[in-house]
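# Overview (structure and organization)
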Amino acid sequence: MVVDIAQDVAVWAIAGVVLLVLAAIVVGVPAGLLGLVTFFVERSRAKAAKRNAERARQDQARKDLLRETQVAAETAHRAWSYRLQSMALTCPRCGKLAVPLPATPDRYGCPACNHRFVGARHDVPLPPPGP
Ligand SMILES: [Zn+2]
């Protein structure tokens, strides 16, 4: 009788342990897999966010450089245009303003009557690359 009870208790104890182990496997393995997947997904997202931030920074640097280059080109072109106008002479044929012909030392051209003539030395260079 005592042996039977002891055997029953042992059987139930073993069954309980087996059930606990099965429950741990049923709950633990999917949770572990989910955690693993979550870890890799999060790591991948963090890498993508870092990559995007770096690209955005490079884009902004390129835009800034382009803007600076454009501003410099506009300034150079304005200075050239001002010099061209400041060196203008009166056209001997029609009396309107004739502008220096760039890359010539002393030639002028009248936009009104298309007359070309030699005048004071101006040495206006060709225009800088446009903005
Ligand atoms: Zn003229």
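Here the structure is shown first, and the text comes after it.
The structure reproduced in this document is the subject of the present report. Note that the structure is predicted; figures quoted are calculated from it, not measured. (Residues numbered from 1 in each chain as written. Predicted model: local features only at pLDDT ≥ 70, side-chain atom pairs only at ≥ 80, totals over all residues.)

## Here's the deal with the sheet that holds strand 2 (residues 97-100)
Rule in force here: Two strands qualify as a pair provided DSSP detects at least 2 bridges between them. Each helix is a run of DSSP H or I of at least 4 residues and each strand a run of E of at least 2, with the numbering of both proceeding from the N terminus.
Pairing within the open sheet is antiparallel, and its 4 strands lie in the order 1-2-3-4. Strand pairing shows two members of the sheet lacking a second neighbour, strand 1 (89-90) and strand 4 (116-118), which therefore form its edges. The pairing of strand 2 with strand 3 (residues 107-109) spans 2 bridges and is classified as antiparallel. Bridge pairing in strand 3 places Val 99 opposite Gly 109.

## Describing unusual backbone geometry
Applicable threshold: Note on burial: count the other C-beta atoms lying within 10 Å of the residue's C-beta; 20 or more is buried, 12 or fewer is exposed, in between is partly exposed, and C-beta positions come from the backbone.
Phi is positive for Ala 103, which is not a glycine, with a value near 70°. Structurally, Ala 103 is set in the loop between strand 2 and strand 3. Under the C-beta neighbour-count criterion, Ala 103 is labelled exposed, with 11 such atoms within 10 Å. Its identity as a non-glycine residue notwithstanding, Asp 123 has a phi of 55°, on the positive side.

## A word on the pairing of strand 2
Looking along a regular strand, one sees the side chains alternate between the two faces of the sheet. Looking at chain direction, strand 1 and strand 2 are connected through 2 bridges and run antiparallel. Looking across to strand 2, one finds that Thr 90 is bridged to Leu 97. Hairpin connection between strand 1 and strand 2: a loop of 6 residues separates the two successive antiparallel strands, and Gly 95 in this loop has a positive phi of roughly 85°. Remark: 6 residues form the turn of the hairpin made by strand 2 and strand 3, two consecutive strands paired antiparallel; Ala 103 in that turn has positive phi of roughly 70°.

## What about helix 1 (residues 2-86)?
Our working rule: By this rule, a helix spans an expected 1.5 Å times one less than how many residues it contains.
With 85 residues, helix 1 ought to run about 126 Å at 1.5 Å a step, and its terminal C-alpha atoms sit 123 Å apart, in line with that. For helix 1, a buried count of 0 out of 85 residues is recorded, marking the element as mostly open to its surroundings.

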